[in-house]
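If you want the building blocks of each chain, they are given just below.
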Amino acid sequence: MRAISVDRRRALATLVAVAAALPARAAVPPLVLAFVPQENPEKLLGDIDAIAGYLAPAIGRPIEGRVTHDHAAAVEALAAGMADISFMGALPYVIARARIGAAALLSEVYRGRASYSSAVFVRRDSGLSDLSELRGRTIAFADPISESGYLYPLEIFAAAGHLARRQDPGEFFGTVYFAGGYQQAIQSVAHGFVDAAGVSIYAPLLLPSAERRDVAVLAESGPIPSHVVVARPGLDHASREAFVAAMLALNRAANRHLLAHVYAPDGFVRPDHAAYEGLARLARAHGLIAR
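Below: a short report on this structure. These numbers come from a predicted model, not from an experiment.

**Structural notes on the pattern of salt bridges**
- As enumerated under the stated definition, the model contains nine salt bridges in all.
- We note a salt bridge from Arg232 to Asp84, for which the minimum N-O separation is 2.8 Å. Taken as a pair, Arg232 in the loop between β12 (228-231) and α8 (237-248) and Asp84 in the loop between α3 (71-79) and β3 (85-88) lie far apart in primary sequence, 148 residues in all. Accessibility classification places Arg232 together with Asp84 in one group, the buried group.
- Ionic pairing is found between Arg165 and Glu155, a salt bridge with its closest N-O pair at 2.7 Å. Remark: Glu155 occurs in helix α5 (residues 147-159) and Arg165 occurs in the loop between α5 and β8 (175-178); sequence separation between them is 10 residues.

**Side note on helix α6 (residues 182-190)**
- Here α6 lies mainly inside the structure; seven of its nine residues are buried.
- Among the residues making up α6, those that are buried are Tyr182, Gln183, Ala185, Ile186, Ser188, Val189 and Ala190.
- Where α6 terminates, the next one or two residues include Gly192, which has phi positive at roughly 80°.

**A few points about the pairing of strand β7 (residues 138-141)**
- Alternating residues of β7 divide into Thr138 and Ala140 and Ile139 and Phe141, and every residue in both groups is buried.
- Examined bridge by bridge, β7 and β8 share four bridges and lie parallel to one another. If you follow Phe141 over to β8, its bridge partner there is Phe178.
- Handedness of the β-α-β unit built from β7, α5 and β8 comes out right-handed.
- Sheet analysis places β7 next to strand β9 (residues 196-200), joined by three bridges and oriented parallel. Across the sheet, residue Phe141 finds its bridge partner in β9, namely Gly198.

**Topic: the environment of Pro204**
- The topology assignment puts Pro204 in the loop between β9 and α7 (209-212).
- The spacing of Pro204 and Phe121 is 83 residues in sequence and 9.2 Å in space, taken between C-alpha atoms.
- With sequence-adjacent residues up to four places away left out, Pro204 is seen in contact with Phe121, Ile186, Arg212 and Val215.

**Re the packing of aromatic side chains**
- Scanning the model with the defined rule gives 12 aromatic pairs in all.
- Both rings, one in Tyr93 and one in Tyr276, keep their centres 5.5 Å apart while their planes meet at 90°; by these two values the pair is edge-to-face. Of this pair, Tyr93 sits in helix α4 (residues 90-100) while Tyr276 sits in helix α9 (residues 275-285), placing them 183 residues apart in sequence. In terms of burial, Tyr93 and Tyr276 fall into one category: buried.
- Judged by centre distance (4.9 Å) and plane angle (85°), the ring pair of Phe172 and Phe173 falls under edge-to-face.
- Here a set of aromatic residues connected by ring pairs shows up, and it is made of Phe141, Tyr150, Phe157, Phe172, Phe173 and Phe178.

**Description of α3**
- Among the residues making up α3, those that are buried are His71, Ala74, Val75, Ala77 and Leu78. The buried residues of α3 occupy one face: seen down the axis, they fall within an arc of 160°.
- Taken together, the buried residues of α3 touch β3, α4 and β12.
- At the N-terminal boundary of α3, the capping side chain belongs to Asp70, with an oxygen 3.3 Å from the backbone nitrogen of Ala72.
- Of the residues trailing α3, Gly81 is marked for its positive phi of about 75°.

**A closer look at the nonpolar core**
- Phe87 and Phe243 are the most contacted members of the largest nonpolar core, which has 76 residues in total.
- Of the residues forming this core, the biggest block, seven residues, is contributed by helix α2 (residues 41-59).
- Beyond its immediate chain neighbours, meaning those up to four positions away, Phe243 contacts Leu31, Leu33, Leu55, Ile59, Ile85, Phe87, Leu105, Leu106 and Val229.
- Listed in part, the 17 residues of the second largest apolar core include Leu131, Phe141, Leu154 and Leu163.

Thresholds applied
Residues numbered from 1 in each chain as written. Predicted model: local features only at pLDDT ≥ 70, side-chain atom pairs only at ≥ 80, totals over all residues. Heavy atoms only, no water. Salt bridge = Lys/Arg side-chain N within 4 Å of Asp/Glu carboxyl O. Helix = DSSP H or I, 4+ residues; strand = E, 2+ residues; numbered from the N terminus. Buried < 20%, exposed > 50% of the residue type's maximum accessible area, 1.4 Å probe, protein only. Pairing = 2+ DSSP bridges. Right-handed = clockwise from strand over helix to strand, strands pointing away. Contact = heavy atoms within 4.5 Å. Phe/Tyr/Trp six-rings, centres within 6.5 Å; stacked < 30°, edge-to-face > 60°. Arc of directions from axis to C-beta. Polar contact = N/O pair within 3.5 Å; in protein donor to acceptor, adjacent residues only side chain to side chain. Core = buried A, V, L, I, M, F, W, Y, C linked by side-chain atoms within 4.5 Å.

And the structure:
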């Protein structure tokens, strides 16, 4: 082995001393994303791994995904700083906005629109043909702070004169269940466990194809602003914009396959904030957010 000269040894020693004196680079904290299990939670875990694998190099920061119990837990995670960004429905967003000043970053697009509808579903062979026939019957909703899985189905009954706004739905229905998600609620009616379900118009797509023909729409709501991606207050502008840019890049043909791992929309757009005001007014009318 060739001997190292005295001068080179001194130079190396100097470099080592300088490196030791430099402050260690702080580890970049992960960007924490919260996901609500609107379908099979086990599938969602695989989806999180896939989208985190895309986002981390795209924004140059580690990504940590967390599955919350429900929409309320997602709002709590943002409020407590346990999540930086959450995928959630429009009603949880307006609740989080009113409570903690959360900000909408993106809206989902389905079938060319940033809106959708909800519906009251029954079994096709139930013989039910009118909302009034559900008096005293059982109904499943998705979540008590879901817009298409609770608020707008309630409004369907209110508009038809069967329920007053702010009235306990249990005074009209025999039993009210909260199934925990769209898939669980639509399955409960498809399998005959309940007489009806109030969920997103797209909920039957979560059923096996052979079961989709078993459910039918009894009544449909007006348009609802689509689901949103929401940031906690205090998340820095640079992190927000890096995340938004990476998510908007999913609209490109080369990346569109990844949309299947973020609740399978057709794409994302920056939100039309005014579109959520009507929903907020309806939520106040039903007593779901403070005036």
